Amino acid sequence: MRCVSQAQGTVSIMAGEVPRERRVLVVLGGGIGAGKSTVGEVFRRNGFVVLSADEVGRDVLAVGSPTVDLVARRWPAIVDGGVVDRGALANIVFADADELAALEAMTHPEIRRRLAATLDDVEGPTLVEVPLMGVIEDDDAVRVAVVATPEVRLARAVARGGDADDVRRRMMQQPTDEAWAAWADVVVDTNGAWFDTERVVESVVGELLADG
């Protein structure tokens, strides 16, 4: 059953969707400015270990990582002494879908490997925040999508220091809200007041923990 929640609504997750006798694993996805980190913080407050695929991705491009060599071969001008110019790389890949796909082919296998290793060591309810679908492929995971209108997402990203044109380019390369909703078991709409959204997320967490 796919359960869709609006910021003013409630959530019901059918018993059996979260396998019993198994750690609760949530994969939390959504586009830039949708509110993933804010929603993830509610899970953290309620006892979830929260992991970020973005943070792992940054480590994958750190000095000394073998992935840096792959990046240097394709885009030699943006790597100097093993250091990736992340801003220059972002300008390249978010302006061209083929270049973005090439970067993902280099980074995603290592991101998946590192996340899987971390998950093996973590006990208790766990949430993994992802920017794209397919980063975590686990049939037992509960997939939660965070969505908001493009206007709201742009305003949030700019308010926290993003360049408006850069944010728009990133949004164009990311899945739409409709795609996230089709992927998800639960959809959290963050367009409304945070008080209402938080209430819905608390309800999602409660259902998950009760079923887990």
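Everything discussed here concerns the structure shown above.
Below: a short report on this structure. Keep in mind the model is a prediction, meaning the values are calculated, not measured.

We now examine the pairing of strand E8 (residues 186-189). Working note: regular strand, side chains alternate between the two faces of the sheet. Judged by which residues are buried, E8 turns out to be covered on both faces: Val186 and Val188 on one side and Val187 and Asp189 on the other are all buried. With 4 bridges joining them, strand E7 (residues 142-147) and E8 adopt parallel strand pairing. By the bridge assignment for E8, valine 147 is matched with aspartate 189.

Attention now goes to the layout of surface pockets. If you add up the space inside the largest pocket, you get close to 1,300 Å³. Lining the largest pocket we find 47 residues, and of these Asp54, Arg58, Phe94, Pro131 and Arg170 sit closest to its centre. Mapped onto the lining of the largest pocket, the elements with two or more residues apiece are helix H1 (36-45), strand E3 (49-52), helix H2 (53-60), helix H4 (86-93), helix H5 (97-121), helix H6 (150-159) and helix H7 (164-173). The residue inventory of the lining of the largest pocket, partitioned by class, reads 18 nonpolar, 15 polar and 14 charged. Put simply, the second largest pocket is a space of about 230 Å³. Asp138, Asp139, Ala141, Arg143 and Asp185 are, among the 16 residues lining the second largest pocket, the residues nearest its centre. The residue makeup of the lining of the second largest pocket, split by class, is 9 nonpolar, 1 polar and 6 charged.

By the definition in use, this model includes 2 aromatic pairs. Ring geometry for phenylalanine 43 against phenylalanine 48: centres 5.0 Å apart, planes inclined by 90°, an arrangement best described as edge-to-face. The exposure class assigned to phenylalanine 43 is buried, which follows from its relative accessible area of 1%.

So, on to the pattern of salt bridges. Inspection of the entire model under this criterion finds 10 salt bridges. The salt bridge partner of aspartate 166 is arginine 169, with a shortest N-O separation of 3.8 Å. Here the residue aspartate 166 and the residue arginine 169 both occupy positions in helix H7, the gap between them amounting to 3 residues, near one helical turn. We classify aspartate 166 as buried; its relative accessible area is 15%. Overlapping salt bridges, with partners in common, bring together Arg45, Glu198 and Glu202 in one network.

Listed as buried for helix H3 (residues 66-74) are Thr67, Val68 and Val71. One face of H3 carries all of its buried residues, which in axial projection span an arc of 105°. Projecting away from the buried face of H3 at angles above 90 degrees are the exposed residues Pro66 and Arg73. Against H2, strand E4 (79-80), strand E5 (83-84) and H5 lie the buried residues of H3.

Ranked by size, the top nonpolar core spans 21 residues in total, and within it Ile111, Leu115, Val128, Val130, Val135 and Ile136 carry the most contacts. Of all the elements in the fold, those that place two or more residues in this core are strand E2 (25-29), H2, H5, strand E6 (126-130), E7 and helix H8 (177-183). Residues in contact with valine 128, not counting those within four places in the same chain, are Leu25, Val26, Val27, Leu28, Leu51, Leu115, Leu119 and Ile136. Val24, Val39, Val50 and Leu208 belong to the second largest nonpolar core, which has 20 residues in total.

Parameters at a glance
- Residues numbered from 1 in each chain as written.
- Predicted model: local features only at pLDDT ≥ 70, side-chain atom pairs only at ≥ 80, totals over all residues.
- Heavy atoms only, no water.
- Buried < 20%, exposed > 50% of the residue type's maximum accessible area, 1.4 Å probe, protein only.
- Helix = DSSP H or I, 4+ residues; strand = E, 2+ residues; numbered from the N terminus.
- Pairing = 2+ DSSP bridges.
- 1 Å grid on protein atoms, 1.4 Å probe; cavity = no way out; pocket = protein on both sides within 12 Å on 5 of 7 lines; lining within 4 Å.
- Points joined across faces, edges and corners; volume = space filled by probe spheres on them.
- Nonpolar A, V, L, I, M, F, W, Y, C, P; charged D, E, K, R; others polar.
- Phe/Tyr/Trp six-rings, centres within 6.5 Å; stacked < 30°, edge-to-face > 60°.
- Salt bridge = Lys/Arg side-chain N within 4 Å of Asp/Glu carboxyl O.
- Arc of directions from axis to C-beta.
- Contact = heavy atoms within 4.5 Å.
- Core = buried A, V, L, I, M, F, W, Y, C linked by side-chain atoms within 4.5 Å.

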